[in-house]
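The residues making up each chain are set out below.
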There are 4 protein chains.
Amino acid sequence: MKQPLRVGIAGLGRLGRRHALNLAHGTRHVQLVAACSPVQAELDFARAELGVNNVTPDFDAFLRNPQTDAVVLVTPTSLHAEQTIAALEAGKHVFVEKPLALNVEDCEKVEAVAARHPRLVAMVGFVRRFDASYQQAHANIAEGGIGKPFLVRSQTCDMNDPSGFFVGYAAHSGGIFMDCSVHDIDLARWMLGKPKAQRAYASGTIAMHPGLAKYQDVDNGLAIVDFEGGARAVFYASRTFAHGHETQTEIIGTAGKLQIGHGAARDRVVTSDAHGVRHAAVSDFFERFGDAFQREMAAFVATCRGEREAPLTLNDATEATRIGLAITRSLRSGMPEPV
Amino acid sequence: MKQPLRVGIAGLGRLGRRHALNLAHGTRHVQLVAACSPVQAELDFARAELGVNNVTPDFDAFLRNPQTDAVVLVTPTSLHAEQTIAALEAGKHVFVEKPLALNVEDCEKVEAVAARHPRLVAMVGFVRRFDASYQQAHANIAEGGIGKPFLVRSQTCDMNDPSGFFVGYAAHSGGIFMDCSVHDIDLARWMLGKPKAQRAYASGTIAMHPGLAKYQDVDNGLAIVDFEGGARAVFYASRTFAHGHETQTEIIGTAGKLQIGHGAARDRVVTSDAHGVRHAAVSDFFERFGDAFQREMAAFVATCRGEREAPLTLNDATEATRIGLAITRSLRSGMPEPV
Amino acid sequence: MKQPLRVGIAGLGRLGRRHALNLAHGTRHVQLVAACSPVQAELDFARAELGVNNVTPDFDAFLRNPQTDAVVLVTPTSLHAEQTIAALEAGKHVFVEKPLALNVEDCEKVEAVAARHPRLVAMVGFVRRFDASYQQAHANIAEGGIGKPFLVRSQTCDMNDPSGFFVGYAAHSGGIFMDCSVHDIDLARWMLGKPKAQRAYASGTIAMHPGLAKYQDVDNGLAIVDFEGGARAVFYASRTFAHGHETQTEIIGTAGKLQIGHGAARDRVVTSDAHGVRHAAVSDFFERFGDAFQREMAAFVATCRGEREAPLTLNDATEATRIGLAITRSLRSGMPEPV
Amino acid sequence: MKQPLRVGIAGLGRLGRRHALNLAHGTRHVQLVAACSPVQAELDFARAELGVNNVTPDFDAFLRNPQTDAVVLVTPTSLHAEQTIAALEAGKHVFVEKPLALNVEDCEKVEAVAARHPRLVAMVGFVRRFDASYQQAHANIAEGGIGKPFLVRSQTCDMNDPSGFFVGYAAHSGGIFMDCSVHDIDLARWMLGKPKAQRAYASGTIAMHPGLAKYQDVDNGLAIVDFEGGARAVFYASRTFAHGHETQTEIIGTAGKLQIGHGAARDRVVTSDAHGVRHAAVSDFFERFGDAFQREMAAFVATCRGEREAPLTLNDATEATRIGLAITRSLRSGMPEPV
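Bear in mind that the values here come from a model prediction, so they are computed numbers and not experimental data.

Parameters at a glance
- Residues numbered from 1 in each chain as written.
- Chains lettered and ligands numbered in written order.
- Predicted model: local features only at pLDDT ≥ 70, side-chain atom pairs only at ≥ 80, totals over all residues.
- Heavy atoms only, no water.
- Helix = DSSP H or I, 4+ residues; strand = E, 2+ residues; numbered from the N terminus.
- Rg over C-alpha atoms; globule rule 2.2 N^0.38 Å.
- Buried < 20%, exposed > 50% of the residue type's maximum accessible area, 1.4 Å probe, protein only.
- Contact = heavy atoms within 4.5 Å.
- Areas by Shrake-Rupley, 256 points an atom, 1.4 Å probe, with all protein chains shown as cover.
- Lys, Arg positive; Asp, Glu negative; His and termini not counted.
- Charge placed at Lys NZ, Arg CZ, Asp CG, Glu CD.
- Buried area = accessible area lost by both parts, 1.4 Å probe.
- Salt bridge = Lys/Arg side-chain N within 4 Å of Asp/Glu carboxyl O.
- Polar contact = N/O pair within 3.5 Å; in protein donor to acceptor, adjacent residues only side chain to side chain.
- Nonpolar A, V, L, I, M, F, W, Y, C, P; charged D, E, K, R; others polar.
- Least-squares fit on C-alpha atoms with pLDDT ≥ 70 in both.
- Phe/Tyr/Trp six-rings, centres within 6.5 Å; stacked < 30°, edge-to-face > 60°.
- Lys NZ or Arg CZ within 6 Å of the ring centre and 35° of its normal.
- Expected span 1.5 Å × (residues − 1).
- Bend = angle between axes of the 7 residues up to and from the residue.
- Pairing = 2+ DSSP bridges.
- Axes fitted to C-alpha atoms, helices over the stretch in contact; angles between N-to-C directions.
- Disulfide = S-S within 2.5 Å.
- Domains from an automatic or database assignment.

It is worth spelling out the overall build of chain A at this point. A count of helices and strands for chain A gives 11 helices and 15 strands. In terms of overall size, chain A behaves like a compact globule, its C-alpha atoms giving a radius of gyration of 20 Å where 339 residues would be expected to give roughly 20 Å. Taken over the C-alpha atoms alone, chain A extends approximately 50 × 50 × 45 Å along its principal axes. When each of the 339 residues of chain A is scored for burial, the buried share is 62%. Partitioning the contacts of chain A with sequence separation of at least 6, the portion at a separation of at least 24 is 72%. Accessible surface for chain A amounts to roughly 12100 Å². Of this, 51% is attributable to carbon and sulfur atoms. With 35 positive and 37 negative side-chain charges, chain A shows a separation of 3 Å between the mean positions of the two kinds.

With that settled, the discussion passes to the interface of chain C and chain A. On the side of chain A, 35 residues touch chain C, which itself brings 35 residues to the contact. Summed over both sides, the interface between chain C and chain A buries roughly 2800 Å², with carbon and sulfur atoms accounting for 64% of that surface. A per-residue breakdown of the area chain C buries against chain A is headed by C:Tyr201, C:Leu222 and C:Ile224, which together make up 19% of the total. Counting the contacts that link chain C with chain A gives 2 salt bridges. For the pair chain C and chain A, the number of links is 16 residue pairs in polar contact (both at pLDDT 80 or more). Going through the elements one at a time, strand S7 (149-159), strand S8 (197-205), strand S9 (220-227), strand S10 (232-241), strand S11 (246-253) and strand S12 (256-260) of chain C are the ones with two or more residues in the side of chain C that touches chain A. Per-class residue counts for the side of chain C that touches chain A are 16 nonpolar, 12 polar and 7 charged.

This part takes up the relation of the copies chain C and chain A. With an axial shift of 0.0 Å and an RMSD of 0.0 Å, the rotation relating chain C to chain A amounts to 180 degrees. Such a combination of turn and shift is consistent with a two-fold rotation axis. Relative to the rotation axis, the closest C-alpha in chain C is found at C:Met335, a distance of 3.4 Å. Comparing interface residues between copies, 100% of those in chain C also lie at the interface in chain A; the contact surface is shared.

Tracing the backbone shows C:Ala223 in strand S9. Under the relative-accessibility criterion, C:Ala223 is labelled buried at 0%. Each C-alpha atom, one on C:Ala223 and one on C:Tyr201, is 5.5 Å from the other, the two residues being 22 residues apart in sequence. Beyond its immediate stretch of four places on either side in the chain, C:Ala223 contacts A:Ile224, C:Phe177, C:Tyr201, C:Ala202, C:Ala233, C:Val234, C:Phe235 and C:Ile327.

Quick look at the relation of the copies chain B and chain A now. Rotating chain B by 180 degrees and translating it 0.0 Å along the rotation axis places it on chain A, where the RMSD comes to 0.0 Å. When the interface residues of chain B are mapped onto chain A, 100% of them again lie at the interface, so the same face is used by both copies.

Facing 12 residues of chain B, the contacting portion of chain A comprises 12 residues. Approximately 1000 Å² of surface area, both sides summed, lies buried where chain B meets chain A, with 58% of it carried by carbon and sulfur atoms. For the chain B face of the interface with chain A, the top three residues by lost area are B:His243, B:His275 and B:Val277, together amounting to 49%. Taken together, the links from chain B to chain A amount to 0 salt bridges. At the level of elements, strand S13 (269-273) and strand S14 (276-279) of chain B are the ones that each hand at least two residues to the side of chain B that touches chain A. With 4 residues, the single largest contributor to the side of chain B that touches chain A is S14(B).

Tallied over the full model, the rule gives 32 aromatic pairs over all chains. Pairing B:Tyr236 with B:Phe241 gives two aromatic rings, centres 6.2 Å apart and planes at 55 degrees, and the pair type is tilted. A single burial state applies to B:Tyr236 and to B:Phe241, both of which are buried. Taken together, the ring pairs connect C:Tyr134, C:Phe285, C:Phe286, C:Phe289 and C:Phe293 into an aromatic cluster. A cation over a ring is seen here: A:Arg288 above A:Phe289, with NZ or CZ 4.3 Å from the ring centre.

Taken as a whole and assessed by the stated rule, the structure comprises 94 salt bridges over all chains. Between A:Arg322 and A:Glu319 there is a salt bridge, with the nearest N and O atoms lying 3.1 Å from each other. You can see A:Arg322 and its partner A:Glu319 sitting in helix H11 (residues 314-333), 3 residues apart, about one turn around the helix. Judged by its relative accessible area of 16%, A:Glu319 falls in the buried class. Of the charged contacts in the structure, one is a salt bridge between C:Arg129 and C:Asp316, with a shortest N-O distance of 3.3 Å.

We now examine helix H8 (residues 176-192) of chain D. All names here are of chain D. The end-to-end C-alpha distance of H8 is 23 Å, a good match for the 24 Å that 17 residues give at a rise of 1.5 Å each. Along H8, the sharpest kink reaches roughly 50 degrees, centred on Val182. In terms of burial, H8 is a largely internal element, 17 of the 17 residues being buried. Gly193 lies just past H8 and shows a positive phi near 85 degrees.

Residue and element names in this part refer to chain A. Pairing in this open sheet of 6 strands is parallel, and the strands run S3-S2-S1-S4-S5-S6 from one edge to the other. Bordering the open sheet on either side are strand S3 (54-56) and strand S6 (122-125), each of which pairs with just one other strand. Averaged over all neighbouring strand pairs, the angle between strand axes comes to 20 degrees, with direction disregarded. For strand S1 (residues 5-10) and strand S4 (residues 70-73), the ladder comprises 4 bridges, and the chain directions are parallel. The residue bridging Val7 from the neighbouring strand is Ala70, located in S4.

It is worth spelling out the environment of B:Glu228 at this point. All names here are of chain B. Its location among the elements puts Glu228 in the loop between strand S9 (220-227) and strand S10 (232-241). The partly exposed category is assigned to Glu228, whose relative accessible area is 42%. As a C-alpha pair, Glu228 and Arg189 span 39 residues in sequence and 12 Å in three-dimensional space. Beyond its immediate stretch of four places on either side in the chain, Glu228 contacts Pro195, Lys196 and Gln198.

Take the state of the cysteines next. All names here are of chain B. Applying the stated criterion across every chain yields a total of 0 disulfides over all chains. We note that Cys304 lacks a disulfide partner, and the nearest cysteine sulfur, in Cys36, lies 18 Å from it. The exposure class of Cys304 is buried, given its relative accessible area of 12%.

In this fold, B:Arg153 is placed in strand S7 (residues 149-159). Accessibility expressed as a relative area gives 18% for B:Arg153, which makes it buried. When neighbours within four sequence positions are excluded, B:Arg153 is seen to be in contact with B:Val234, B:Gln248, B:Thr249, B:Glu250, B:Ile252, D:Gln155, D:Tyr236 and D:Gln248.

The next point concerns the domain arrangement of chain A. Residue and element names in this part refer to chain A. As assigned here, chain A comprises domain 1 (5-126) and domain 2 (129-291 + 319-338). Relative to domain 2, the C-alpha centre of domain 1 lies at a distance of 27 Å. Across the boundary between the two partners, domain 1 contributes 13 residues, which contact 17 residues of domain 2. Carbon and sulfur atoms make up 60% of the surface buried where domain 1 meets domain 2, a total of about 1400 Å² over both sides. The salt bridge partner of Arg14 is Asp284, with a shortest N-O separation of 2.7 Å. On inspection of domain 1 and its partner domain 2, the count reaches 5 residue pairs in polar contact (both at pLDDT 80 or more).

Right under this line is the structure:
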């Protein structure tokens, strides 16, 4: 057997831990050998639970570690672009969580650096692309199963968090569309064959969290995007769902349509009782996309090992950011904005 | 236009009223002109709500009424057979509610009388055959849609009535299989092409209503019936469902299967809230088969007017009774019983 | 019993015939006594199938008929407003098919005339309000079942008609939003408690029927409407669905959401075979709303007879038109339009 | 960290390979260190794909290997009992695939040996107990979610294999109930609180594979089992489903019911096209229970490491065999058989 890929991870918050556990225990042909975090408890976790001895709070030292082939960056959004650049320049393959950046210029800088390192993999974490159902749907469309796709309706709707944690977070998230809809934007592009977006219009409302007003953000947002060639997309993002996390996407073509994720069932149990005939919904993104996170890491490892083509490009991240920013501008201006 | 059919109805309890209202207001080519009941309030209802002036407590007078072409009998089960015979002998088309009788001999007597009056329609109320979904399923099977059908699973499950009304009724109902499963038995025969039943086995339990024990009855019953040629049927009847009335049937063939009624949705509303993603179930037989009751009367009228063939025969009722009785014997003997 | 309402119908095309049959055979307390049509075959139909002897091609004569209490107008859209006014001035209750008019001025003229005849009922045919599921949903919202509703997503999507019949019709339909979405607009207003619409934005595409371009129409249209107080609505209309007619509405509130019509099941049959686990979809509006058309006529009759309050007002029609026109303007201008 | 459990596997056919891959790559705290098979290709696979160097065709040598703490036996059914005994006597924890044996005596012999080795884990592969949905359902019942459970309906239905491979296999499988329904029997006992079975009745038919007749086997079988205390179970097993593998279980209690697995959806994709609104079904047991196989191994490892109680006992396997044999006798005798 070829040597396993040696990976280091930076950032061991909730999502970082998920990736780290998948790398340590759920992925073939990989060794998790290094971890980096400014938080001592996270480094302790890496030692105790992941069996990683090479831990450091120093990101530069982490990058210079000659024992890693690749790094996985699950750090704050504001650091994504520069850390990705630094990692590429240190000769590491990079997996970086989405969004790549909150502005197009930074995305393009990363693309430019990556272009100078064609042998290195640089992949952004659009995890939904690795969900088995989304992959089935994409394959079906590629085979012509629904004729020519021309409309995507896609949503990311979170269960309401009464603590309103995300309200404080709104200052840095880039707003609901950059934080949530960027996945839907990426999916729409993927399913529609990557047409060029032309313009975007958004509206929204604050249904439950008035604290968002000062960030010009909303807790329920709607957007329409026009693409060249006539395709259209409608996005919906919500922070206030009562029953669970409901992420779903519909692709409509000239010969049929596909729906992914409708009903948001947690499992295969249906209860019939005094409350009706009912099923539980998944509670959050993590529960919905547990398998996809695992397959995402497997895909990253396989790409780094040269066993498959990159499942997505840095430019996909740039374009999703470009569209997300136009939507966000429209939410504020009230006018359709060019993408 | 041909003259409308002139109909009299005997029995205006809950089900009788339903038929009467359908005849008075929801069916074409028919006039409800007479009513018969020993209950004065029911006769008053006929006058006031149905506009029927010709009302009487005297069944013989009701039958002799020269202004009726046909009668609809919604009287106690113990009277069905003799009243049907009397009506045929009075020259009336007859619609009689199920079951035709609680023993095979009486069924056969009615068949013999009907055979002497071939111009008269005699139809038993297996209402489920008139449900649009059951009709779709039957038509699909007839076209070969599921290959050769060989197994039916069918159930009639009522929402629990905490008052236990049916416990007292058990003395006269013939037991859970004669009362509830007779519909499923008829459907199984219909869907399977009317093969001859050979033997039946039953088991059951009293989950909530101990008062049934003295009638050798159960509140949850199961039965397997073997038919000539290899077809099989499984029946389930319950009095104790928590969420509503759930009547469903599945027909399994060599090239596919059909399910009718699964989920028992009351309407097209789905609620997503703290109780999950859910829909209400229909509350009872009346709610589930409202349309079928209407179509049943329309079919009876059309048959009497010579516009269509009889949708079912008296022999269908005889055979359903024969099978239901074998199942009931098996419940008591614990052994498979010949049909 | 109080006297039945005596009704005349004008227009016996496909939809007119549906209303006429419901009035003649499926509705209590009403007599269909007169019919009007410029088409001789329709008058023949009224005599032969509806038993209506009083038929005429002359609309004025039809209105002057002293034997009618009410008229049902299923005539071309361009005549709705003036005929409604004439009928009111002739002292008749009026049911008129939607849309009331293709401009707000005409709607308001009808409102003004109706205001001068407060004893006469004037009702516009927003049939979906009479569907049992929509009524359940509305009642549930009124009871606070989903908290405060703030977002409606609603669609009217027709199965593709390869003949492209509607393309020629586009010259007079007012466009896809006036023709299809006007129902969704009315429902959104109803479910949200009739907030005032402020602005509308639309986009659309021609996926299959290029002939629409010359009418500035599309075969798939999307719109976002902002209401005062923060509520929002998203509409989708399509002429090109592959599998059937899919009319659905979702109302999202602070404590839950309701979905009506998702899945568009034709009946209660599920087939499992080589094509998967599947159900048929309703084929068109008529199949989906058969019951609602019946209940709509019953509601009109009951309102005219003073047995219930009017289920909707002329102003509902005016407001739906106002919003539909703003959406249509936006489709053409590419900019959000004030309502 | 505590030392990982060192495991050897015997048998690397389709199911053995699944377990081996899960042990090698998908389970924490375990090392797959040895493999045993009479088939050279399977030993080569163990070296090349699993990285196991300690391979042998000699089962005794495999058991004597001092470097293993536990063995996983995925060998022919006829060897299960004796190999389990030998492994226990060699001081190894044992996981053995179901069924433990095709007769009760052999099961009891294994139980007796295990009783003499109370520190060793002996676990039989009732994989469905490790499925997340079955676990949710069981937990819900344990909390009283459906009141007192009294009826289980459970089925194992395979997609038809036109090659009829299983026909030849029927000579050794113990028949359809021992091969397929044994899972349903175990689940029924688990969900009902392990009541004692009293009697069993079976019927069946050969719908598509006449070659089964000479083995007194059927391709569609039905059974009813009576338990002490009034609980009942109905089982259905089929080899001839047209659309996929459909494993489902329903538990009915006095306050509600749970259904697990209905619809058999392969993923979260729904297609709407000319074939209707539809989803694909899982194709086989492996696809349906992929996650459960993984969780099963994790549970075995955790039990061996003393981190949890054994999820099931050898006696569970004995009782399932006892019931399965009574059902099989009934299929042949046509009479209810004591369990």
